[in-house]
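In case you want the letters, here they are:
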Amino acid sequence: MSEWDSLVNSILNCKRCRLSQYRRNPVPGEGNVNAGVMFIGEAPGEKEDETGRPFVGAAGKLLTELIESTGFKRGDVYITNIVKCRPPGNRDPEDDEIESCLPYLLKQIELIKPRLIVALGRHAARTLFRLGGLKWVNMSMMHGRSYNAVINGLQVVIIPTFHPAAALYNPGLKDELRRDFEEVI
Ligand code: URA
């Protein structure tokens, strides 16, 4: 079995944290495993839990549209989340759940070796900044800029931006999100 297949297998059978009791399907991620660009969200929602695929609900529709606005196709990039299982009722992931799931994300980054990571929302951004040894302040100050980081020995650029779900019902935020995609991705 390839390293990638064995990683996906571990995620599909994971019982490292309490989220394994509530999930229907773990959501490892999808896309091009040789991608130069990774999009990393927070955690699966209801549709993702149902299908085992990341960003397939309303927020996913907006994300796909934003990705395509940059000239990429959804299948050209790799899309995943910090936490691979849905928190009950879509609550925020807790710190110990993020921690238990991190080895999977680190292995994905090690195997994909992206040059660019787009962190969607504050949970993804603060986690990736910590992994990259950078100080996270807040999204309103830090979104839409490129930050050089080293994650597990890999030199990457992290771009934090708003979570598409937060932008769905907030036209001002949606405009900022679109601008971040147009200007820096
Ligand atoms: N929100 C996320 O952060 N990730 C998904 O996969 C879907 C919604």
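See above for the structure.
Being a predicted model, the structure only gives us computed values, none of them experimental.

Engineer: Any chance you could explain the packing of helix α5 (residues 95–112) against helix α6 (residues 122–131) here in plain terms?
Structural biologist: The axes of two packed helices give the description: the angle between them and the distance between them. For the pair α5 and α6, the least separation of the axes is 12 Å and the interaxial angle reads 65°. In this structure, the crossing between α5 and α6 has a hand that is right-handed. On α6, the residues touching Asp95, Ile98, Glu99, Leu102, Leu105, Leu106 and Ile109 of α5 are His123, Arg126, Thr127, Leu128, Arg130 and Leu131. Here the contact of α5 with α6 is composed, by residue class, of seven nonpolar, two polar and four charged.

Engineer: What should I look at first to understand the sheet that holds strand β6 (residues 154–161) in this one?
Structural biologist: Strands belonging to one sheet form pairs held by backbone hydrogen bonds; the direction of such a pair is parallel or antiparallel. One open sheet holds the six strands; their spatial order is β1-β3-β2-β4-β6-β5, and the pairing between them is mixed. Every other strand in the sheet has two partners, leaving β1 (30–31) and β5 (147–151) as the edge strands with one partner each. Of the pairings in the sheet, the one linking strand β4 (residues 116–120) to β6 comprises five bridges and is parallel in character. Among the inter-strand pairings, Ile117 is bridged to a residue of β6, identified as Ile158.

Engineer: Sorry if this is basic, but what is going on with the nonpolar core here?
Structural biologist: Note on soluble globular proteins: their nonpolar side chains tend to be buried together. Counting residues in each nonpolar core, the largest one holds 53 residues, and the members touching the most others are Phe39, Leu63, Ile82, Ile117, Leu128 and Ile158. Examining the composition of this core, we find that seven residues originate from one element, α5, more than from any other. If near-sequence neighbours (up to four positions away) are discounted, Ile82 is found in contact with Ile40, Gly41, Glu42, Ile98, Cys101, Leu105, His123, Ala124, Thr127 and Leu128.

Engineer: Honestly, empty space enclosed by the protein in this entry has me stumped. Any pointers?
Structural biologist: If a probe the size of a water molecule is rolled over the atoms, the empty space left behind becomes visible. In the structure shown here, the tally under the stated rule is one cavity of 30 Å³ or more. There is about 100 Å³ of room inside the largest cavity. Around the largest cavity, the lining comprises 14 residues; the ones closest to its centre are Cys14, Cys17, Arg23, Cys85 and Cys101. Contributing elements (two or more residues each) for the lining of the largest cavity: α2 (19–22) and α5. The greatest single-element share of the lining of the largest cavity, amounting to four residues, is contributed by α5. Each residue belonging to the lining of the largest cavity can be placed in one class, and the counts come to eight nonpolar, two polar and four charged.

Engineer: What am I meant to see in the site of the ligand here?
Structural biologist: For the ligand, the full set of nearby residues is Gly41, Glu42, Ala43, Glu48, Pro54, Phe55, Asn81 and His163. Backbone polar atom of Glu42 to an oxygen atom of the ligand: 2.8 Å apart, as the coordinates give it. Between a nitrogen atom of the ligand and a main-chain N or O atom of Ala43, the distance comes to 3.0 Å. For the ligand, the accessible surface in isolation is 240 Å², of which the surrounding protein chains cover 92%. Placement of the ligand is best described as lying within the largest pocket. A per-class count over the shell around the ligand returns three nonpolar, three polar and two charged.

Each value, and the rule that gives it
Numbers given for residues are sequential positions, taken from 1 along each chain in its written order. For this predicted model, a pLDDT threshold of at least 70 governs which residues receive local features, and a threshold of 80 or more governs which side-chain atom pairs are given and counted, while totals over whole chains, interfaces and linings are taken from all residues. As a rule here, side-chain values cover all heavy atoms of the structure and leave hydrogens and water aside. With axes taken as lines fitted to C-alpha atoms, and helix axes fitted only over the stretch in contact, angles between N-to-C directions fall between 0 and 180 degrees. Helix and strand definitions here come from DSSP, where helices need a minimum of 4 consecutive H or I residues and strands a minimum of 2 consecutive E residues; each element is numbered from the N-terminal end. The handedness criterion is simple: a crossing whose near helix is rotated anticlockwise from the far helix by less than a right angle is left-handed, and one whose near helix is rotated clockwise is right-handed. In this description, contact between two residues means that some pair of their heavy atoms is separated by no more than 4.5 Å. Asp, Glu, Lys and Arg are counted as charged, while Ala, Val, Leu, Ile, Met, Phe, Trp, Tyr, Cys and Pro are counted as nonpolar; the rest, among them Gly, fall into the polar class. Between any two strands, at least two bridges found by DSSP are needed for them to pair. Only buried residues count toward a nonpolar core, which is a set of Ala, Val, Leu, Ile, Met, Phe, Trp, Tyr and Cys residues joined through side-chain atoms within 4.5 Å. For every residue, the accessible area obtained with a 1.4 Å probe (protein chains only) is divided by the maximum for its type, and the residue is called buried under 20%, exposed over 50%, and partly exposed between those limits. Definitions used throughout: a 1 Å grid over protein atoms alone; a cavity as a set of points that fits a 1.4 Å probe which cannot get out; a pocket as an open set with protein on both sides within 12 Å along at least five of seven lines; a lining residue as one with an atom within 4 Å of a point. Grid points are joined across faces, edges and corners, and a volume is the space filled by probe spheres set on the points. The nearness test applies per residue and asks whether one of its heavy atoms lies within 4 Å of the molecule or strand. Pairing of N or O atoms within 3.5 Å defines a polar contact, subject to two protein rules: one partner must be a possible hydrogen donor and the other a possible acceptor, and residues neighboring in sequence count only if both atoms are side-chain atoms. For accessible areas, the Shrake-Rupley method is used with a probe of radius 1.4 Å. Any residue's cover is judged against the shown protein chains and nothing else. Molecules are considered to sit inside a cavity or pocket once more than half of their atoms lie within 2 Å of its grid points.

Function cannot be read off these values alone, since they describe shape.
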